[in-house]
Amino acid sequence: MTMNFFKTTLFTKSIWHLICLILLGSGLISIYYRQIMNFDTLFNSDSVYLSVLFDDLAYYQGKLSHWFLTPAPYFFPDMPIFFFSSLLTPSIYHRFFIAAFLQLASTYFLAHQLRQVFSTRLCTSVGLSIIFILACIVWIPQDQSPYIFGFLTTYHFGTLMLGLGFLTLFFKSLLQPKSKPIFISLSIIAGVGVASDLIFVIQILLPLVATIFIVRRYAPTLPNMKQQRNYVLAGMIIGLLIKSLMTKDHAHRYLLKRHKELFQHFFYLLDILQSWIQAHPLVSATVFLFYICIAWHWYQLYRNRQDNQNHRFLLTTFVLLSPPITIIIVFINGLISLPDWFNLRYFQNLFWFPIFFCWLLLDSLPTIKKPIALIILVSFLIGTIFLIYPK
């Protein structure tokens, strides 16, 4: 009886996720091949970097050692995803779409993997799926939108994917402190993340360290994390060595490079954020509302501290700390050198976290009854179909 129920539940979940991926793919096909998106944004010298690299290595007997790789070489997951799409078709036009779908589909599953560590409730799973797909279909094609980077490789979105995988393994390591495979995987992701893109350190590792430091003061019963620290440090060191050797570049090269221009860069940053808010008031209001709600949720967890809520409190603190820490470090390092909206790519966590972690708020809601959940599902399917195939 129990086994049959488990199989039925697993089958139902698989069908649900398959339907969601079909809707996601259909939506992306609609906005891409009907050219709803701004193709000047999609096709430029940065975005075609991996395509040219693949063609040189695969068709023109080029050598990787002859290439001067970018400071963020995007070894993983960008290269495997785009190289796989390049194997399927010689057309750069189709390569972009295949890579984008694989990237967003992988992110969809990674977001659900992290959610499952904390919650298996129906409303959190369904809510995350709905919000993720609608955000991709509606927000990505908007002009000068930071969500467009989710459609592109080589624009630091892969860092968020690695971040979701890293956080999933990190919290699993807290639940299974004797599992060596989890710790080894954690070390590998840390190394790959650092070697691929130092934004991984800024968006994931440093905010997580700050989070642990803060939370341990208010939750002394939190497990000791020496093992996690040692494995992550080992992975980071190896990753930095690989990056330095492969890119002929060192990690300290950009630190405080343009500190004399910080005042001017501050106004550039304000101009970029103000332009985004004015161009997309509804989206910006949604993002702002999420952080208000997640801050209130954090306060409720802090006020009613319980040992069984320590991990949720840890994750909620991370969600709140990561965007401001990222913005501050990116700003101090002088990366905002021009008032160009493309600089939003450096702190995509600010914009994508409301999508990835919406389930934190949904999970705090009262239990949704099955008839209501069914109505929500049907409405979602009908609404998405109308969005994908307008008259």
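Structure: above.
A short tour of the structure in this document, coming up. All values reported here derive from a predicted model rather than from experimental measurement.

**As for the packing of helix H8 (residues 180-196) against helix H9 (residues 199-218)**
Orientation of H8 relative to H9, taken along the N-to-C sense of each, is 140°, at an axis distance of 7 Å. Compared by their axis directions, H8 and H9 come out oblique. For H8 against H9, the interelement crossing comes out left-handed. Mapping the contact onto sequence places Ile189, Ala190, Gly193 and Val194 in H8 and Phe200, Val201 and Leu205 in H9. Of the residues in the contact of H8 with H9, the class split is six nonpolar, one polar and no charged.

**Side note on the packing of helix H7 (residues 157-175) against H9**
For any two helices packed against each other, one specifies the inter-axial angle together with the distance between the axes. Relative to each other, H7 and H9 sit at 30°, their axes nearing to 9 Å. As the angle between them shows, H7 and H9 are arranged roughly parallel. Our pair here, H7 against H9, has a crossing hand that is right-handed. When H7 is examined against H9, the residues Thr159, Leu160, Leu162, Gly163, Phe166, Leu167 and Phe170 are found in contact with a partner set consisting of Ile199, Phe200, Gln203, Ile204, Leu205, Leu208 and Ile212. Of the residues belonging to the contact of H7 with H9, the class tally is eleven nonpolar, three polar and no charged.

**Details of helix H6 (residues 122-139)**
With 18 residues, H6 ought to run about 26 Å at 1.5 Å a step, and its terminal C-alpha atoms sit 25 Å apart, in line with that. Most of H6 is tucked away, with 14 of its 18 residues classed as buried.

**Concerning the nonpolar core**
By size, the foremost hydrophobic cluster in this structure holds 111 residues, and its most contacted members are Phe166, Phe171, Phe347, Trp352, Phe356 and Phe357. What Phe171 contacts, discounting residues up to four positions off in sequence, is Leu114, Val117, Phe118, His311, Leu314 and Leu315.

**What about the pattern of salt bridges?**
Opposite charge on two side chains allows them to pair when their charged atoms are near. A complete count under the given rule lists three salt bridges for this structure. Where Arg95 meets Asp55, a salt bridge forms, and the shortest distance between an N and an O atom there is 2.9 Å. Here Asp55 lies in helix H3 (residues 49-59) and Arg95 lies in helix H5 (residues 92-118), a separation of 40 residues in the sequence. As a salt-bridge pair, Arg121 and Asp363 come within 3.7 Å of each other at their nearest N and O atoms. Here Arg121, found in the loop between H5 and H6, pairs with Asp363, found in the loop between helix H15 (358-362) and helix H16 (370-388); they are 242 residues apart in sequence, far enough to count as distant. What makes Arg121 partly exposed here is its relative accessible area of 22%. Each of the salt bridges in this network shares a partner with another, and the network as a whole consists of Arg121, Arg312 and Asp363.

So, how was this worked out
- Residues numbered from 1 in each chain as written.
- Predicted model: local features only at pLDDT ≥ 70, side-chain atom pairs only at ≥ 80, totals over all residues.
- Heavy atoms only, no water.
- Axes fitted to C-alpha atoms, helices over the stretch in contact; angles between N-to-C directions.
- Helix = DSSP H or I, 4+ residues; strand = E, 2+ residues; numbered from the N terminus.
- Parallel < 35°, antiparallel > 145°, perpendicular 65-115°, else oblique.
- Left-handed = near helix turned anticlockwise from the far one by under 90°.
- Contact = heavy atoms within 4.5 Å.
- Nonpolar A, V, L, I, M, F, W, Y, C, P; charged D, E, K, R; others polar.
- Expected span 1.5 Å × (residues − 1).
- Buried < 20%, exposed > 50% of the residue type's maximum accessible area, 1.4 Å probe, protein only.
- Core = buried A, V, L, I, M, F, W, Y, C linked by side-chain atoms within 4.5 Å.
- Salt bridge = Lys/Arg side-chain N within 4 Å of Asp/Glu carboxyl O.

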